[in-house]
Amino acid sequence: MYIKLGKFTGVLLLALTSMLVACEDDIDPVIEELSTSRAFAPVGLEARVRNQVDIELSWSSDPGVDEYIVEFFQDSLRFSGDPIATVSLEGSGTSGTIIYTETLAGETNYSARVKAVVDGIEESKWATVTAKTNSEQIFTSINNIQAEDTFVALSWVAGSEVTSFLIQPGNLFVQISDAQKAAGQATIEGLSGATAYTVTIYNGTSKRGSVSFSTLKQANVSPLDDLSAVIDAAEEGATLILASGSYVLGAKEITKSITLEGQKSYDMPIIDGQLSCGSAVSSITVRYLDFQGGGNYGQFFDTSAGACDLGTLNIDGCNISGFSNNIIYNNSGGTYGDITITNSYIYDIPGGGGDGFDVRGGAVGSLTVENTTISNGVRTLLRMQVPANVTFSNCTFYKVCVVASGNNRGFFRMSGGGGSLEVSNCLFVETGLDDNGTIRGNWSRAGDISPEVSTDYASNYYFNTIGLFEGEYLDPSEVSATEADPGFEDPENADFTITNQLLIDEQIGDARWWF
């Protein structure tokens, strides 16, 4: 038996050896260098519109390319006639991304193509892309137009080629003088008060920018008035227009539907005081007001009184600061219908004894916070212990949930046993803290979102946060969050302008900081 097995083994080894030799003969040699007669076309070519009329091209660089040729045509991938712009770019010699930007006319379809040139071989084929520019915008300070009741002062890039304004409504053309053109400034007079206008600036028939604004409503309250008494005397559903200046309101219960509005969004009246509700009120709106608690009030708005039944609370374009604990508060039996906060800046609320949106009892229909910045302070951002539908969209959070307290439960607590939570296109920067080894400021503590609550997270970003993903969520992907530095201009001085173009393209955070 042993002799037979030995012979069989020897035959098998011989056969395997022959097979291996044969296989080695059939293996193609490794290609160390690919030789071609033509350069490869650029890959990954994309076009993005920047600053209304700049088309930014980007593509992957090839270290072997000596030169790239870029051409622009005023059409949509027809490439007919002569290019309106041609440029030659040297190859980078490394891998990465090449970016080139061309400034063109507004509201126009363009085609762009790029080819690679390598010495000694044929040029590559063209890589192509198309893009349409937006309306040109040479007006400056478009987000802070200082309109008065009968006139508006406008400014644009000094020395630009411009000839006239078109004013709507009215279809009125106004010529621009040489002096105005050189200075880039003009005052348009003869307007009507409390009217929405659009002014378009032209060079001949070419539109170069437009701006929309509303002339001022006539103020019916001045800083010399007793604001509390004026509110008491107002009729149901009244609109009070406050002139710029400072007002002492104190702790004020609102007992009727009313709108309190600053006359100038760019010079908001300063209100020392807080608001509350203790009865049935259909609607309260505050707009273009700077509410300052000065550390004298626990919260900006309180509905803790059981008799409060507030249908809608609208907060638009306001500043809210200096309240010791809360933004919105209800610790017992009051009722909010729908709360909407838009285009506002909320800051310096220490939160040692309470949470930001702090609802521990009563009822809430919905809470919507959008295009709003919240910074510096707040214990738990959202404490919703009753069923509600809550939405945060396009919000910027900076140094939020940074209170060293065991009651700091992070951003979102939805423990009321129902409703929904949506967080989308929000930006979280430098949130949370390490409290002597205990991490605070997470997205949500484990168990703090009731199973009955439906959640919807989309396109959120974060940077330099502590503990955001400990507790309920351990992975940023669970809340659709991506890490990226927004490159704030000067956050310590409340300038949260984003310089990271990716976040601007994705429209992340409060919209006021995109430009």
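Structure shown above.
We now turn to the structure provided with this report.

Criteria and thresholds
Residues numbered from 1 in each chain as written. Predicted model: local features only at pLDDT ≥ 70, side-chain atom pairs only at ≥ 80, totals over all residues. Heavy atoms only, no water. Helix = DSSP H or I, 4+ residues; strand = E, 2+ residues; numbered from the N terminus. Rg over C-alpha atoms; globule rule 2.2 N^0.38 Å. Buried < 20%, exposed > 50% of the residue type's maximum accessible area, 1.4 Å probe, protein only. Contact = heavy atoms within 4.5 Å. Areas by Shrake-Rupley, 256 points an atom, 1.4 Å probe, with all protein chains shown as cover. Disulfide = S-S within 2.5 Å. Pairing = 2+ DSSP bridges. Axes fitted to C-alpha atoms, helices over the stretch in contact; angles between N-to-C directions.

## Side note on the overall build of the protein chain
Along its length, the protein chain carries four helices and 39 strands. Compactness check: the protein chain gives a C-alpha radius of gyration of 32 Å against a globular reference of 24 Å for 515 residues, more than 25% above the reference. C-alpha extents for the protein chain along the principal axes are approximately 110 × 80 × 35 Å. Of all 515 residues assigned to the protein chain, the portion counted as buried reaches 47%. Taking all contacts inside the protein chain whose residues are at least 6 apart in sequence as the whole, residues at least 24 apart take part in 68%. Summed over all atoms, the accessible surface of the protein chain reaches about 24000 Å², with 47% contributed by carbon and sulfur.

## Quick look at the state of the cysteines
Cysteine pairs can be covalently joined through their sulfur atoms, and such a bond is termed a disulfide. One pass over the full model with this rule turns up one disulfide. Left without a disulfide partner, C401 is nearest to the cysteine sulfur of C426, which lies 13 Å away. Using a relative accessible area of 0% as the deciding quantity, one classes C426 as buried.

## Quick word on the sheet that holds strand β7 (residues 127-132)
Spatially, four strands are ordered β4-β3-β6-β7 in an open sheet, and the strand pairing comes out antiparallel. If you trace the sheet from one side to the other, it starts and ends with β4 (85-90) and β7, each paired once. In this sheet, adjacent strand axes meet at a mean angle of 20 degrees when their direction is disregarded. Where strand β6 (residues 109-117) meets β7, six bridges bridge the pair, whose relative direction is antiparallel. Of the residues in β7, the one forming a bridge with S111 is T130.

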